[in-house]
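This is what each chain is made of:
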Amino acid sequence: MNPPLSTAVSLGTRYATELADLALPWQAAEVPEPRLLVLNESLATELGLDPAWLRSDEGIGLLTGTVVPEGATPVAQAYAGHQFGGYSPRLGDGRALLMGELGSHDLHLKGSGRTPFSRGGDGFAAVGPMLREYVVSEAMHALGIPTTRSLAVVATGRPVRREAVLPGAVLARIASSHLRVGTFQYARSTGDADLLRQLADHAIARHHPHAADAEQPYLAFFESVMQAQASLVAQWMLVGFVHGVMNTDNMTISGQTIDYGPCAFLDAFDPTTVFSSIDEQGRYAFGNQPIVAEWNLARFAESILPLLADDESAGVEIATTSLRTFRDRYSAAWSAGMRAKLGLASSVDDAVARPLVADLVALMTAGHPDHTGFFRALATAARGDAEPARGMFLDLAGFDAWAERWLALAPDADAMDRVNPAYVPRNHLVEEALTAATDGDLAPVERLLSVLAAPYDVRPGLERFAEPAPDSFGQYTTFCGT
Ligand code: AMP
Ligand code: MG
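Residues numbered from 1 in each chain as written. Chains lettered and ligands numbered in written order. Predicted model: local features only at pLDDT ≥ 70, side-chain atom pairs only at ≥ 80, totals over all residues. Heavy atoms only, no water.

Here we look at the coordination of the magnesium ion (ligand 2)
Around a metal, the ideal angle is 109.5 degrees if four donors adopt a tetrahedral arrangement and 90 or 180 degrees if six donors adopt an octahedral arrangement.
1) Next: Bound to the magnesium ion (ligand 2) on the protein side are Asn250 (OD1) and Asp259 (OD), at distances that span 1.8 to 2.2 Å. Asp259 matches Asn250 in its accessibility class, with the two residues each being buried. (Donors = N, O, S within 2.8 Å, 3.2 Å for Na, K, Ca; no water. Buried < 20%, exposed > 50% of the residue type's maximum accessible area, 1.4 Å probe, protein only.)

Quick look at the structure:
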């Protein structure tokens, strides 16, 4: 049965038509009892959608895929991917659909039912994890970190079977595209050189248009993706974000953060931090993220080898040489970010800043201060009161010696407060809000969203949102099978 059509909005079919070999036209599952839980009105307006219409039956139909704009072609996208290092040749949208493009953005649904890529999965998603993606992705956006956005979460009224039976939901997600490293791996594995080239040309046009004018467009494309990812992962590291499942199917070509599953923010600083229950080896631990990004980019390079040179060994040579620049790109982005976090003026020489930063990381690794709270406390130290920061360390002499060197450089406290957030989606706050929402009370989620929308602005009354989890919260674990 075909879903009802709407003429209220129109969606582009660029991906579905330009890359038809990577797109299976499909339709969303019925939604027994749709109920809009959250709507991102400002994002809707930015996209040219009328929030009042989105709240109507027809609008909610669009947000769940049960109403299709006339002329649109919703598709499940094909992709492959290395998951925890092992290659899966056929993943694809097992519970998601690309509805089409709104201008230059994808409108994508997660939890919209089974597709030909579902394998053993049910195609559905639960309210808690979809609201979690909404909260964390919107927090990342407010922090200034490239990310997919969340437009809405609609409860479906369908029970979803996980460890327990949970209420089902669909997330409507906006992204500059859903092209992944895994999309290229899939295209490469078909052996169809034209398809691989079409995919690369599509990605260049959408995300890295300057590469088209380069002498070697596909090498320039690779380097542009590498730069975007080096910068992205540096921003994660600077804010204490652990993605949790950096499989190659979860790494975008655009450089946006995607797929908020078992992700979480650090409380205490510790490079070995792992939150995900399924990451038993710590492959995606906080401190490993830059190395994993480089590993994923090597898989990306492999997938586009035929575009880099006619001869495979020449392609490998080009890719290897290029990939060697990743570490410097990452270090440059991260070091610049650390200088900013420490409020250092541009006149401070790198020869001074580098060891200062390295010694701070060593101090933090040994002392495990609360990551977010510590950098805010450092601004207080720059204003003359070092006690709050000092109190986060047992090695007081070590901290004092470091702080003396740093304070001698006259750090700019106001500049620090503009780059060090006071509020991040702390795990205990997210859990508390999601538990309430699953029980039908959305007020805590709305409150948390409003706090996280202005992460650098300290407001009175929000003290508990800036504090680490109480000891009683214990060790935090996030679950996949979201
Ligand atoms: P993710 O871990 O969310 O990035 O998903 C990895 C792969 O598993 C993708 O191909 C998803 O479409 C698929 N997947 C995840 N959950 C489900 C589900 N409940 N039903 C069907 N496919 C799923
Ligand atoms: Mg994924």
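Side note on the domain arrangement of the chain
1) Next: Split into domains, the chain comes out as domain 1 (5-175) and domain 2 (181-334).
2) Next: Its C-alpha centre places domain 1 at a distance of 23 Å from the equivalent point of domain 2.
3) Next: Each partner contributes residues to the interface: domain 1 has 35 residues there, and domain 2 has 39 residues.
4) Next: On the surface where domain 1 and domain 2 come into contact, there are three salt bridges.
5) Next: The partner of Asp259 in a salt bridge is Lys110, with the nearest N and O atoms 3.3 Å apart.
6) Next: Where domain 1 touches domain 2, the interface holds 15 residue pairs in polar contact (both at pLDDT 80 or more).
7) Next: Contributing elements (two or more residues each) for the side of domain 1 that touches domain 2: helix H1 (14-18), strand E6 (81-83), strand E9 (105-110), helix H5 (127-142) and strand E11 (165-175).
8) Next: The residue makeup of the side of domain 1 that touches domain 2, split by class, is 16 nonpolar, nine polar and ten charged. (Domains from an automatic or database assignment. Contact = heavy atoms within 4.5 Å. Salt bridge = Lys/Arg side-chain N within 4 Å of Asp/Glu carboxyl O. Polar contact = N/O pair within 3.5 Å; in protein donor to acceptor, adjacent residues only side chain to side chain. Helix = DSSP H or I, 4+ residues; strand = E, 2+ residues; numbered from the N terminus. Nonpolar A, V, L, I, M, F, W, Y, C, P; charged D, E, K, R; others polar.)

Side note on the pairing of E9
1) Next: In terms of burial, E9 is largely enclosed, as five of its six residues are buried.
2) Next: One ladder, built from six bridges, connects strand E8 (residues 96-102) with E9; its direction is antiparallel. When the bridges of E9 are listed, Leu102 appears paired with His105.
3) Next: Taken together, E8 and the strand that follows it, E9, pair antiparallel across an intervening segment of two residues, in which Gly103 is found at a positive phi of about 60 degrees.
4) Next: Of the pairings in the sheet, the one linking E9 to E11 comprises five bridges and is antiparallel in character. (Pairing = 2+ DSSP bridges.)

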